[in-house]
Structure formats: structure tokens, C-alpha cells
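Residue strings, one per chain:
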Amino acid sequence: MTATPLSLPVPPPKGPEFGAGALIVCESLVRIYQTGSIEVQALQGLDLIVESGEMVAVVGASGSGKSTLLSILSGIDAPTAGRARVDKWDLLAMSRADRVRYRRHAVGFVRQQTSANLVPYLTAREMVDLPMVAARVPARRRRERSRELLDALGVGACADRRPAQLSGGQQQRVAIAVALANEPQVLFADEPTGELDTATSAEVFGALRDVNRRLGVTIVVVTHDPGVSGQVERTVAIRDGRTSSEVLRRTATADNGDEHVIAEEYAVMDRAGRVQIPRDYREALALTRRVRLALEPDHVTIRPDA
Ligand code: ADP
Ligand code: MG
């Protein structure tokens, strides 16, 4: 007699490809770090879709996997399993040469530590120039581009200064200009305002929004600053290496003409239909292991099993 397997594999979902048409697609993304005999699951089946032209904030507690996600998406780290695609690039099946091309042309990356983004002995102009030299952009075009970018980020007057002669906010603006040098479609920023005071942080965030709107660059920015994440249309929350909820914001106009922002929180459903019910909801209704689901004409109810 053969034993019945206890857990059956989830059948592959039918219908169009998950995230078809989106610029960034992560599906069941897993990243396991192995240090000696200790295994850390930094990403545990994360799903994420970002459309071209969006600016999305990623929030989550420390250790929830935000930096891991960004280093995978920017081609610095490779996932253990799952699917990750940015534009035409499959991040799980990239050759070494493709990875270099991808990092050089397709994406830009800004780190939290202002110092990690910049070279101490180069001027702002030289730093923006560097990625273009690597990409063999002609000198004349490089000069134009660095001037345009530094101006666009409000640091045109700092072109001949070295990092030590720049404020923290100016350093991060220069870092954004460097990341945009080779005209990437996407900019990833990992807590770019983490080391800045509130006012400077708002300024740098404003610069990112400007880049998104004026240059059309898609932006994924990790932040734990609620004031900052409140300024984007979509915030994705990561918990324990998975996307758990999303907040969408839109501007509505009241009858008297006043504009106000409406924020709505959504739970995220994965491809197998799993949804996380927030802890306070579970506690309020004493929802434990089993719940009753019922399909209504336009919604689904969840009731305690009593
Ligand atoms: P966040 O950016 O949200 O704070 P991280 O992505 O940095 O989270 O980390 C997620 C988890 O993975 C944490 O438990 C962290 O300790 C672990 N981790 C991150 N990078 C490594 C690494 N290189 N080696 C081992 N564990 C790591
Ligand atoms: Mg981090």
C-alpha cells in the first residue's frame, strides 16, 4: 500500500501570467541565507507587482526582508527560489555578463548610508560621470547629462564639490543623480533618508517624487518614515519576508472644492488565495484555527467556528 502524501503541491495557477505587463514582478520569492548551520529565511514567498511609472514605498519592521528584496531587484544579490522579473530581465536566470549590463543600464540604486553612495575624492560632476564612462557614453553627452541631472536634483551649484563639502541632503541628491546617470527605467532606494533629519528627509523625498514625475522613472523606495510613506500613492508592507498589506492613497475633492487624501488599506492575497487576517481582527472575534467562510453576492464573510 502506498502512503498518501500529506501535502499536495499547489496546482499551477491558470490564466494569464502573474503580473504580465507589469515592469517588476516578484512571485513566491525566497531568499535563504546560510551562515554555518544557521539558516535565515529573509524572504519567504514574497509577491510584488510594480507597474511602469509607479512610485511605491516599501515599509516593514527591521529584519522583515526589505533590504534583501532591494538587493535582489537591483541585481546585487540572487534569490534562492521563486520568480523575479524586471522589464525583460529574469533575475534568476541571468548570466554574469547580463548581470553587469543590468546593473549598469537597467536599474539605479541608492543606499541608506550617504557615504556608501559616494566616492570621497571625486566631485559631484565626476561621480555622475563615472557610470557613463563605464557605459562608454561619449564625453560631450556625458557633460550634458551630468549638468542636466545635477540641475534637476537641485545640486547644480555643487557640481565641483566633493562629498565632504556637501550636506547630508545634498549628498543623497548627488547619489540619486549618480544612480540615474545611465537612464535606468527603475530606481531602487533603500532608506535613502534614514540618516537625515525630518526637514532634509522631506526634501530628498521630494526630489525622488520629482524624478518619478518629471523623468518618468519607476521608483521603489524602502522607508520607515510614516511621514514620507504617506506621500506616495501606494505603500506595500512586508512582514516576515512576505507582502502582508498595501495602502492605496488617492486625492478626492469634497463638495466645497477642498482636496483631501483618502488612504485605504488592503490585505494582499497570494496566488493560492491566502490572506492574512490582522491580529486585532482575529482577537476581536476570537478567530483561531478554523473559520467559516461564506460567499455572498459581492463579498466573502469570515466567521468564528462556534
Ligand atoms: P530589513 O532590511 O527589512 O531590515 P534585511 O533584508 O536586511 O531586513 O534582513 C532580513 C533577514 O535576513 C534578517 O533576519 C537578517 O538578519 C537576515 N540577513 C540579511 N542579510 C544577511 C546575510 N548576508 N547573511 C545572513 N543573514 C542575513
Ligand atoms: Mg534594511
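Every value quoted in this text rests on a predicted model; they were computed, and no experiment measured them.

Cut-offs used in this document
- Residues numbered from 1 in each chain as written.
- Chains lettered and ligands numbered in written order.
- Predicted model: local features only at pLDDT ≥ 70, side-chain atom pairs only at ≥ 80, totals over all residues.
- Heavy atoms only, no water.
- Domains from an automatic or database assignment.
- Helix = DSSP H or I, 4+ residues; strand = E, 2+ residues; numbered from the N terminus.
- Buried < 20%, exposed > 50% of the residue type's maximum accessible area, 1.4 Å probe, protein only.
- Polar contact = N/O pair within 3.5 Å; in protein donor to acceptor, adjacent residues only side chain to side chain.
- Contact = heavy atoms within 4.5 Å.
- Near = heavy atom within 4 Å.
- Areas by Shrake-Rupley, 256 points an atom, 1.4 Å probe, with all protein chains shown as cover.
- Salt bridge = Lys/Arg side-chain N within 4 Å of Asp/Glu carboxyl O.
- Axes fitted to C-alpha atoms, helices over the stretch in contact; angles between N-to-C directions.
- Parallel < 35°, antiparallel > 145°, perpendicular 65-115°, else oblique.
- Left-handed = near helix turned anticlockwise from the far one by under 90°.
- Nonpolar A, V, L, I, M, F, W, Y, C, P; charged D, E, K, R; others polar.

**Q** So what about the domain arrangement of the protein? Which residues, and what values?
**A** We note that the domain assignment places domain 1 (24-267) and domain 2 (278-306) within the protein. Look at where the C-alpha atoms of domain 1 and domain 2 centre, and you get two points 37 Å apart.

**Q** Give a detailed account of the side chain of T193, specifying residues and quantitative values.
**A** Relative to the helices and strands, T193 is located in the loop between β7 (186-190) and α7 (198-215). Accessibility expressed as a relative area gives 7% for T193, which makes it buried. In this structure the side chain of T193 is engaged in a polar contact, spanning 3.4 Å, whose partner is the side chain of S201. What T193 contacts, discounting residues up to four positions off in sequence, is S201, V204 and F205.

**Q** Give a description of unusual backbone geometry that names residues and reports values.
**A** Negative phi characterises most residues that are not glycine, and trans characterises most peptide bonds. Positive phi outside glycine occurs at D87, with the angle close to 55°. Mapped onto the elements, D87 comes out in the loop between β4 (81-86) and β5 (89-90). Of note in this structure, E183 is not a glycine but carries a positive phi near 50°. Relative to the elements of secondary structure, E183 occurs in the loop between α6 (168-179) and β7.

**Q** Give a detailed account of the site of ligand 1, specifying residues and quantitative values.
**A** The environment of ligand 1 is made up of Y33, T35, V40, A42, A61, S62, G63, S64, G65, K66, S67 and T68. With respect to ligand 1, the backbone of S64 contributes an N or O atom lying 3.2 Å from an oxygen atom. In the model, an oxygen atom of ligand 1 is placed 3.0 Å from a nitrogen or oxygen of the G65 main chain. Within the complex, the protein chains bury 62% of what would otherwise be the 560 Å² of accessible surface of ligand 1. Of all the elements in the fold, those that place two or more residues in the shell around ligand 1 are β1 (24-35), β2 (38-50) and α1 (66-73).

**Q** Describe the pattern of salt bridges, and please don't skip the residues or the numbers.
**A** Counting across every chain of the model gives 20 salt bridges. The partner of E144 in a salt bridge is R141, with the nearest N and O atoms 3.2 Å apart. On the criterion of helical spacing, the pair formed by E144 and R141 is a turn pair, its members being 3 residues apart in helix α5 (residues 139-152). Using a relative accessible area of 29% as the deciding quantity, one classes R141 as partly exposed. Notably, a salt bridge pairs R145 with E148, separated by 4.0 Å at the nearest N-O pair. A residue pair is termed a helical-turn pair when its members lie 3 or 4 positions apart in one helix, as R145 and E148 do in helix α5 at 3 residues. Judged by its relative accessible area of 42%, E148 falls in the partly exposed class.

**Q** Explain the packing of helix α4 (residues 124-134) against α6 residue by residue, including any values.
**A** For the pair α4 and α6, the least separation of the axes is 8 Å and the interaxial angle reads 25°. Here α4 is positioned roughly parallel relative to α6, judged by the angle of their axes. Both α4 and α6 take part in a crossing whose hand is right-handed. The segment α4 lies against α6, with A124, M127, V128 and P131 engaging V174, A177 and V178. Looking at the contact of α4 with α6 residue by residue, the classes come out as 7 nonpolar, no polar and no charged.

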